[in-house]
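The chain contents come next:
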Number of protein chains: 2
Amino acid sequence: MQIFRNPDPSQWPALQQRPLADSNAAILARAGEIFDDVASRGDEALRQYAAQLDGAPDLASLRVSAEELAAGAAQVPAELQAAIRQAIQNITTFHAAQRPAAVEAEVETMPGVRCWRRSVAVPRVGLYVPGGSAPLFSTLLMLGIPAKLAGCREIVLCTPPGRGTGTIAPAILFAAQELGLTTIIKAGGAQAVAALTVGTASVPAVDKIFGPGNRYVTAAKQLAAQRGVAIDMPAGPSEVLVIADASANPAFVAADLLSQAEHGPDSQVVLLTDSEAVLQGVVAELERQLPLLPRADIARQALAESRAILLTDVKTMLAFSNQYAPEHLILAVAAPEGLAADIYNAGSVFMGHLTPEAVGDYASGTNHTLPTGGYARAYSGVSLDSFYKKITFQQLAPNGLLALAPVVEPMAEAEGLRAHAHAVALRREHLIESKS
Amino acid sequence: MQIFRNPDPSQWPALQQRPLADSNAAILARAGEIFDDVASRGDEALRQYAAQLDGAPDLASLRVSAEELAAGAAQVPAELQAAIRQAIQNITTFHAAQRPAAVEAEVETMPGVRCWRRSVAVPRVGLYVPGGSAPLFSTLLMLGIPAKLAGCREIVLCTPPGRGTGTIAPAILFAAQELGLTTIIKAGGAQAVAALTVGTASVPAVDKIFGPGNRYVTAAKQLAAQRGVAIDMPAGPSEVLVIADASANPAFVAADLLSQAEHGPDSQVVLLTDSEAVLQGVVAELERQLPLLPRADIARQALAESRAILLTDVKTMLAFSNQYAPEHLILAVAAPEGLAADIYNAGSVFMGHLTPEAVGDYASGTNHTLPTGGYARAYSGVSLDSFYKKITFQQLAPNGLLALAPVVEPMAEAEGLRAHAHAVALRREHLIESKS
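This one's a predicted model, so the numbers in the text were calculated from it and none came from an experiment.

Visitor: Give a description of the overall build of chain A that names residues and reports values.
Guide: Along its length, chain A carries 16 helices and 14 strands. C-alpha atoms of chain A, sized along the principal axes, occupy 90 × 60 × 45 Å. Relative to its full complement of 436 residues, chain A shows a buried share of 60%. In chain A, 75% of the contacts between residues at least 6 apart in sequence involve partners at least 24 apart. Surface exposure of chain A reaches about 15300 Å², of which carbon and sulfur atoms provide 53%. Taking the average place of the 32 positive charges on the side chains of chain A and the average place of its 42 negative ones, the gap between the two points comes to 7 Å.

Visitor: I'd love a proper account of the sheet that holds strand 7 (residues 208-210) of chain A, names of residues and values included.
Guide: Residue and element names in this part refer to chain A. Read across the open sheet, the five strands follow the order 6-5-4-7-8; overall the sheet is parallel. Edge positions in the sheet fall to strand 6 (183-186) and strand 8 (230-231), since each has one partner strand and no second. Two strands pair when backbone bridges link them, and strand 4 (residues 124-128) and strand 7 are joined in this way by three bridges, in the parallel orientation. Within strand 7, the position partnered with Val-125 by the bridge is Lys-208.

Visitor: Talk me through the pattern of salt bridges; I want residue IDs and the actual numbers.
Guide: With the rule as written, the count across this model stands at 38 salt bridges over all chains. Where Glu44(A) meets Arg41(A), a salt bridge forms, and the shortest distance between an N and an O atom there is 3.2 Å. Relative accessible area serves as the criterion here: at 51%, Glu44(A) is assigned to the exposed category. On the basis of relative accessible area, Arg41(A) is assigned to the partly exposed category, the value being 28%. A salt bridge links Asp385(B) to Arg117(A), with the shortest nitrogen-to-oxygen separation between them at 3.3 Å. One end of the pair, Asp385(B), is in the loop between helix 14 (357-362) and strand 14 (388-396); the other, Arg117(A), is in strand 3 (residues 113-121), on a second chain. Members of the salt-bridge network, linked through shared partners, are Glu104(A), Arg117(A), Lys390(A) and Asp385(B).

Visitor: Quick rundown of the UniProt feature "binding site: Zn(2+)" (unreviewed entry) in chain A? Include the residues and the values.
Guide: In the numbering adopted here, UniProt assigns the feature "binding site: Zn(2+)" (unreviewed entry) to Gln260(A), His263(A), Asp361(A) and His420(A). Maximum C-alpha separation among the annotated residues is 55.2 Å over a sequence range of 161 residues, too wide for a single clustered spot. Its location among the elements puts His263(A) in the loop between helix 10 (250-261) and strand 10 (268-273). The partly exposed category is assigned to His263(A), whose relative accessible area is 33%. Those residues within four positions of His263(A) in sequence are excluded, and the remaining contacts are Ser238(A), Arg295(A), Ile298(A), Leu417(B) and His420(B).

Visitor: Explain the pairing of strand 13 (residues 348-351) of chain B to me, using residue names and the numbers behind them.
Guide: Going residue by residue along strand 13 of chain B, you find Ser348(B) and Phe350(B) tucked away on one face and Val349(B) and Met351(B) tucked away on the opposite face as well. With four bridges joining them, strand 14 (residues 388-396) of chain A and strand 13 of chain B adopt parallel strand pairing. The residue bridging Thr392(A) from the neighbouring strand is Ser348(B), located in strand 13 of chain B. Bridge analysis of strand 12 (residues 328-332) of chain B against strand 13 of chain B gives four bridges, and the strand direction is parallel.

Visitor: How would you summarise the relation of the copies chain A and chain B if you had to cite specific residues and measurements?
Guide: Superposing chain A onto chain B takes a rotation of 180° combined with a translation of 0.0 Å along the rotation axis, leaving an RMSD of 0.0 Å. One copy is carried onto the other by what is essentially a two-fold rotation axis. Comparing interface residues between copies, 99% of those in chain A also lie at the interface in chain B; the contact surface is shared.

Visitor: Residue-level account of the side chain of Glu239(B), with values.
Guide: Residues and elements named next belong to chain B. Position of Glu-239 among the secondary structure elements: in strand 9 (residues 239-244). Of the polar contacts made by the side chain of Glu-239, one reaches the backbone nitrogen of Gly-373; its length is 2.7 Å. Residue contacts for Glu-239: discarding those within four places in its chain leaves Arg-18, Gln-260, Gln-268, Tyr-324, Ala-325, Pro-326, Glu-327, His-328, Thr-372, Gly-373 and Gly-374.

Visitor: Lay out the confidence of the model for chain A with the relevant residues and their values.
Guide: Here chain A averages 95 in pLDDT, and 99% of its residues register 70 or above. Interface confidence for the predicted complex, given as ipTM, is 0.97, next to a pTM of 0.96.

Visitor: Hey, could you go over the interface of chain A and chain B for me, with residue numbers and the actual values?
Guide: Each partner contributes to the interface: chain A provides 121 residues, whereas chain B provides 120 residues. Taken together, both faces of the contact between chain A and chain B bury some 10100 Å²; the carbon and sulfur share is 63%. Considering only the surface of chain A that becomes buried against chain B, Gln394(A), Glu415(A) and Arg427(A) emerge as the three largest contributors, covering 8% of it. The salt bridge partner of Arg427(B) is Asp256(A), with a shortest N-O separation of 2.6 Å.

Visitor: I'd like a rundown of the UniProt feature "binding site: substrate" (unreviewed entry) in chain A, residues and numbers included.
Guide: All names here are of chain A. On the UniProt side, "binding site: substrate" (unreviewed entry) is annotated at positions that read Ser-238, Gln-260, His-263, His-328, Asp-361, Glu-415 and His-420 here. Taking the farthest pair of C-alpha atoms as the criterion, the annotated set spanning 183 residues is dispersed, since that pair is 55.2 Å apart. Position of Ser-238 relative to the elements: it lies in the loop between strand 8 and strand 9 (239-244). The exposure class of Ser-238 is buried, given its relative accessible area of 17%. The residues contacting Ser-238, other than those within four sequence positions of it, are Gln-260, His-263, Ser-267, Gln-268, Glu-327, His-328 and Thr-372. A distance of 2.6 Å separates polar atoms of two side chains, one belonging to Ser-238 and the other to Gln-260.

Visitor: Which residues make up the sheet that holds strand 6 (residues 183-186) of chain B, and what values do they have?
Guide: Spatially, the five strands line up as an open sheet ordered 6-5-4-7-8 (chain B), and their pairing is parallel. What marks the edges here is a single partner per strand, and that holds for strand 6 and strand 8 (230-231) of chain B.

Visitor: Describe the packing of aromatic side chains, listing the residues and the values that go with them.
Guide: Throughout the structure, instances matching the rule amount to eight aromatic pairs over all chains. Aromatic pair Tyr375(A) and Tyr379(A): ring centres 5.3 Å apart, planes at 80°, arrangement edge-to-face. The class of Tyr379(A) is partly exposed, set by a relative accessible area of 24%. The ring of Tyr344(B) is capped by Arg153(A), whose NZ or CZ atom sits 3.8 Å from the centre of that ring.

Visitor: Break down the pairing of strand 2 (residues 107-110) of chain B for me, citing the residues and quoting the values.
Guide: Residue and element names in this part refer to chain B. As paired elements, strand 2 and strand 3 (residues 113-121) share three bridges and run antiparallel to each other. The residue of strand 3 that forms the bridge with Glu-108 is Arg-114. Hairpin connection between strand 2 and strand 3: a loop of two residues separates the two successive antiparallel strands, and Gly-112 in this loop has a positive phi of roughly 90°.

Visitor: Which residues make up the packing of helix 2 (residues 25-41) of chain A against helix 3 (residues 43-52) of chain A, and what values go with them?
Guide: Residue and element names in this part refer to chain A. Where helix 2 contacts helix 3, the two axes come as close as 6 Å, and the packing angle between them is 135°. Our classification of the angle between helix 2 and helix 3 gives oblique. Each of Arg-30, Ile-34, Asp-37, Val-38 and Arg-41 in helix 2 lies in contact with helix 3, whose residues at this interface are Asp-43, Glu-44, Ala-45, Leu-46, Gln-48 and Tyr-49. Residues that form the contact of helix 2 with helix 3 fall into these classes: five nonpolar, one polar and five charged.

Visitor: If you had to explain the environment of Gly180(A) to someone new, which residues and values would you point to?
Guide: All names here are of chain A. Relative to the elements of secondary structure, Gly-180 occurs in the loop between helix 7 (170-179) and strand 6. For Gly-180, a relative accessible area of 37% corresponds to the partly exposed category. Remark: the alpha-carbon pair of Gly-180 and Leu-258, spanning 78 residues in sequence, is separated by 34 Å.

Visitor: Just give me the short version of the environment of Ala423(A), but keep the residues and values in it.
Guide: Structurally, the position occupied by Ala423(A) is in helix 16 (residues 418-435). Each C-alpha atom, one on Ala423(A) and one on Glu409(A), is 9.1 Å from the other, the two residues being 14 residues apart in sequence. Aside from chain neighbours lying at most four places away, what touches Ala423(A) is Ala255(B), Asp256(B), Ser259(B) and Pro356(B).

Visitor: Describe the side chain of Lys208(B), naming the residues involved and giving the relevant values.
Guide: One can find Lys208(B) in strand 7 (residues 208-210). No salt bridge is formed by the buried Lys208(B), whose closest oppositely charged neighbour, Asp232(B), lies at an N-O distance of 7.5 Å. In this structure, Lys208(B) is in contact with Ala378(A), Val122(B), Arg124(B), Val125(B), Gly126(B), Val229(B), Ala230(B), Ile231(B), Asp232(B) and Ser386(B), ignoring residues within four places of it in sequence.

Rules behind the numbers
Residues numbered from 1 in each chain as written. Chains lettered and ligands numbered in written order. Predicted model: local features only at pLDDT ≥ 70, side-chain atom pairs only at ≥ 80, totals over all residues. Heavy atoms only, no water. Helix = DSSP H or I, 4+ residues; strand = E, 2+ residues; numbered from the N terminus. Buried < 20%, exposed > 50% of the residue type's maximum accessible area, 1.4 Å probe, protein only. Contact = heavy atoms within 4.5 Å. Areas by Shrake-Rupley, 256 points an atom, 1.4 Å probe, with all protein chains shown as cover. Lys, Arg positive; Asp, Glu negative; His and termini not counted. Charge placed at Lys NZ, Arg CZ, Asp CG, Glu CD. Pairing = 2+ DSSP bridges. Salt bridge = Lys/Arg side-chain N within 4 Å of Asp/Glu carboxyl O. UniProt positions renumbered as here; feature names shortened; annotations may be inferred. Least-squares fit on C-alpha atoms with pLDDT ≥ 70 in both. Polar contact = N/O pair within 3.5 Å; in protein donor to acceptor, adjacent residues only side chain to side chain. pLDDT = per-residue confidence, 0-100. Buried area = accessible area lost by both parts, 1.4 Å probe. Phe/Tyr/Trp six-rings, centres within 6.5 Å; stacked < 30°, edge-to-face > 60°. Lys NZ or Arg CZ within 6 Å of the ring centre and 35° of its normal. Axes fitted to C-alpha atoms, helices over the stretch in contact; angles between N-to-C directions. Parallel < 35°, antiparallel > 145°, perpendicular 65-115°, else oblique. Nonpolar A, V, L, I, M, F, W, Y, C, P; charged D, E, K, R; others polar.

Shown next as structure tokens:
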């Protein structure tokens, strides 16, 4: 790690810089070609990309059959089955508590003017679960559980077929089975996002697409958004910022930093501490733990770009963290309770020495789909809210219309919108005439 | 209007088609140039664009001074002042009822595993209010009121200086004064959005940008989003869909269609009715009312591209409307209450014969910043929610860590993320050792 001691606040912005995303013009262009191809050739294009890009030729069907689902799920070892079931229970418990009122209380803004909101599930959602080096079944839990809880009418899962096998990883199938998901498509990459956007014979079009992915997936989600499909949030490399005081256990802190660093060479890892001893202890622990990891090479690359910063006190560390707006914030301090109210930019916060980020990644109950790249300044992570929208309603009684007319008519006229004023005036005149 | 009678549902998608947005490559490129220019030259670039594009050379300051604010606001006629004050009261009443709990109830997902969420205002927001042919002070109310209610730390208003005068319309200044907004910038177009994104000497950088605008503003908001600043929602031409049964008053319905059509030649207007008499009555009323409007030319162009569709019954009309997902939905029916629960795709709904869209545009209390272009399938309109984000928290007690360890460790191992498992295992071993 790069070590800085008491940098002046004027230097903070440089220390908070994320690596710039590569110019993605080439990736966007390629994703655009794939998009157009799926739009014109549908399933045929999906089959071709499965063969070309995923190494899965000769897919009998793009959809996972009920038999395939059951047979695959049954391959998951009992210990992992039990763990996934407990994770589902915890995530369900936390997200179910977020359920909005179907209809909020009416507000009478003036006598005879009633306004209210209804929460309605997004009808059709697409969940993208990457394949790649390991099956990210935890992502399926984080997206599928709130989608089911919200009662989305259609939930479509896309995940790439395995190289050579053309099958989906058992753990993903088991998670899907436990959640009751039945529309499971063997498609990955930009082509999956395109299919969810435009629809094909095998893949229903959806209203909102969730899930992480590589740069082609991210580019395809941008294209989906331009075509009227919502996306969960902009994606970027994962991040953790740890605030450690003198009470921190250097081995725990190092393990937390490494569990972020192992995600990828572009993972962002930031350590803030007000203790020189902790700083040195963590650096030593990193060296000790790093060689034990199967993904040590990846973690080493990420750490080389990462920063450990000594600051004077907790207040200064919080100020730095709020400016950085980390996806994950670990408060490795003796009394985290006193700090929570002062955190205003972060995705998810892990309180105290016994709450590693890893528990939130899998099973504490919170969602692990969180804003990266500073988006935590304005975005929430995925939650049950993400699967709902709110529709406003208003209804005027005659007295309400008469009360609003002298408000709306001059405002509309002042904005040069005569027809708006007229739509109110017509009704006002009608009410006055019918009274007399 | 183009008239269709009982089209087969297979034809609906064609009838629901919005006009395709122009390819915006040229606009994006120009917005990108402006963006880069503002990023490198700051206020100097803003002054130059004010002169070039807004016709406002020699601005003494890019910020509206306290004296200018007071003097401008005082020019607003008393009737309009009173109307704006009442609108502010109604909008405030409705939005204040949406205030989230600062801290949601903790959920104990397993014994010793506590999770909760905090709602935190987006710290710094930018409100863009277009100038152009008329000062859209109502947009300022719709954005400024929830921003103030949420308690955003910094609220920056950008609006273009007037051609020749270099001043801001009195009604906008009055609205700003009533809301207590003090950071008011004389900048419009892509350059204003760029300034809010990158910050200049006069314009603070913000975390989220709200507000409508022309195609350059929309393109600039896309660029802002790519640079890590959130935006309220994708923008498009305004729309209304009216569902009218035999009880509808053709004059009212025609007035409502016209109040949408006068917005611009690309406004979307759709009439659904199950009554031939209403259909013919509305067409006749349109012809009668149209010539009375100052913006008749604009409305006529919009109507030429618009559709009146006769369908068999209310259920069919609702099905069509849900597929279309209108920004505004007017239920010009005798008993709208029975339909509300069946609406699942719409931005804002106007119930019954006495609730024209115009009341929601100004003063019923609901927000008029709503999803267009079919985005109502997945997006809510702007509300108090839009000015908050939710941060999740979790805290484990020793029993919680011990309960989660056998869940998280096998899941992390199954995803190939050893360091994640290790961060939990270290703590587990530490707890077990310290017990013994």
